[in-house]
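Geometric and topological summary
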Amino acid sequence: MSNSHGKNAIVASVHECLDVVDVFLFSAACELPHRIHYDAEFAKEEGLAGVPIQGPFQGALLAQLVQSWAAPQGAALRSMSFRHLAPLYVGEGFTCSAMLSEESQSDEITNFVLGVEVVGDDGIVRTRGVVEVVTNNTNSTGVEP
Amino acid sequence: VGRVKDSSPEVQFRVEHRDVTRSDIRRFADAIGATSRVHHDVAAAREVGYPDVVAPLFFFMTIGLSVGRHVPRSLLGRDGLNRDDELAGRRVLAGETEVSWHGDIFAGDRVEVEQRLVDHSEKTGRSGHLNVYVFERSYSVEGNLRILERFSRIARDDE
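With that out of the way, let us pick up the environment of His40(B). Residue and element names in this part refer to chain B. Its place among the elements puts His40 in the loop between α2 (22-32) and α3 (42-47). The sequence separation of His40 and Arg126 amounts to 86 residues, and the corresponding C-alpha distance is 48 Å. Filtering out sequence-adjacent residues up to four positions away, His40 remains in contact with Arg26, Ala29, Asp30, Ala34, Thr35 and Val53.

Spelled out as structure tokens, the structure:
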């Protein structure tokens with residue numbers, strides 16, 4: 001994981017490559033029995049290129065990444081929005097990144113807006129979103145993931 | 001698909017409850033690689049002022065994704081989804097997801113999740129006729145909102 005500061009700069013990133021066990025464990029934790037996430041042949045019958053990584057799993061990885069940047073400076077996530085643009089499959093390498101796009105201050109509170117992405121090693125963006133982070137927010141998990 | 005807006009009240013509005021355990025939180029934390037001790041170790045969580053182990057940010061998905069899905073095996077189709085799930089299948093795409101956090105979830109919490117269909121619109125584009133459904137899920141503990149989730153599903157009409 002890397003950390004740096006500066007507007008529009010990548011402030012945190014992590015490279016991942018998940019396998020079918022990772023995807024199965026996420027499904028198990030979420031009580032999600034959808035067969036495409038553990039049966040590659042079935043996934044292909046459904047028109048997919050392989051076992052897809054759950055969208056919420058990608059969302060969770062992005063949120064954890066931003067939290068790893070926010071928590072050490074006493075900040076926490078307030079909101080997040082994201083959209084999946086293309087499937088991401090097990091065995092594909094990908095990078096989760098967070099880019100600082102806005103920073104503003106009012107009273108004692110600092111607001112940060114970060115762009116987040118999941119980009120495959122092939123350069124194709126799979127998931128893109130925006131996260132709002134605030135300091136002095138005691139309403140959310142201010143701990144490092 | 002395309003029938004959700006006329007569906008049973010259970011599809012348009014559901015309320016369910018989940019009693020969150022330490023094991024639930026640890027299992028989800030392990031699944032996403034959240035290694036902070038506050039998700040795994042009660043003493044570590046209490047040391048920083050939490051009442052018990054605290055859930056990772058996206059833990060709510062373990063509740064949200066199982067809403068309406070606690071059914072006998074005989075009601076699951078070959079694809080593993082509920083046979084009566086009107087938005088299940090390959091013809092449905094995930095749209096935008098929005099989440100706002102208003103508080104944490106801890107082991108021992110009894111979470112009330114309310115899911116409601118809040119909007120339906122129809123569009124005709126290059127992919128044909130599309131139905132866009134917007135759902136909202138609120139996650140509350142003892143009447144206090146902890147997380148609000150809004151998400152859309154885009155369904156193509158049957159050919």
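Between helix α3 (residues 55-70) of chain A and α2(B), the shortest axis-to-axis distance is 10 Å and the interhelical angle comes to 85 degrees. Classified by the interaxial angle, the pair formed by α3(A) and α2(B) is roughly perpendicular. Side by side, α3(A) and α2(B) meet where Phe57(A), Ala60(A), Leu61(A) and Gln64(A) of the first sit next to Phe28(B), Ala31(B) and Ile32(B) of the second. A per-class count over the contact of α3(A) with α2(B) returns six nonpolar, one polar and no charged.

Take the interface of chain B and chain A next. Contact with chain B, which involves 37 residues of that partner, is made by 35 residues of chain A. Around 3200 Å² of area is buried between chain B and chain A when both sides are counted, 59% of it from carbon and sulfur atoms. Ranking the residues of chain B by area buried against chain A places Leu57(B), Arg78(B) and Trp101(B) at the top, with a combined share of 19%. Counting the contacts that link chain B with chain A gives two salt bridges. Between Arg83(A) and Glu96(B) there is a salt bridge whose closest N-O contact spans 3.2 Å. Our count for the chain B to chain A interface comes out at eight residue pairs in polar contact (both at pLDDT 80 or more). Mapped onto the side of chain B that touches chain A, the elements with two or more residues apiece are α2, α4 (60-64) and β2 (92-101) of chain B. Ranked by residue count, the leading element in the side of chain B that touches chain A is β2(B), at eight residues. For the side of chain B that touches chain A, the class distribution of residues is 17 nonpolar, twelve polar and eight charged. Two strands pair when backbone bridges link them, and strand β2 (residues 75-84) of chain A and β2(B) are joined in this way by five bridges, in the antiparallel orientation. Looking at β2(B), one finds that Ser79(A) is bridged to Ser100(B).

Cut-offs and rules
- Residues numbered from 1 in each chain as written.
- Chains lettered and ligands numbered in written order.
- Predicted model: local features only at pLDDT ≥ 70, side-chain atom pairs only at ≥ 80, totals over all residues.
- Heavy atoms only, no water.
- Helix = DSSP H or I, 4+ residues; strand = E, 2+ residues; numbered from the N terminus.
- Contact = heavy atoms within 4.5 Å.
- Axes fitted to C-alpha atoms, helices over the stretch in contact; angles between N-to-C directions.
- Parallel < 35°, antiparallel > 145°, perpendicular 65-115°, else oblique.
- Nonpolar A, V, L, I, M, F, W, Y, C, P; charged D, E, K, R; others polar.
- Buried area = accessible area lost by both parts, 1.4 Å probe.
- Salt bridge = Lys/Arg side-chain N within 4 Å of Asp/Glu carboxyl O.
- Polar contact = N/O pair within 3.5 Å; in protein donor to acceptor, adjacent residues only side chain to side chain.
- Pairing = 2+ DSSP bridges.

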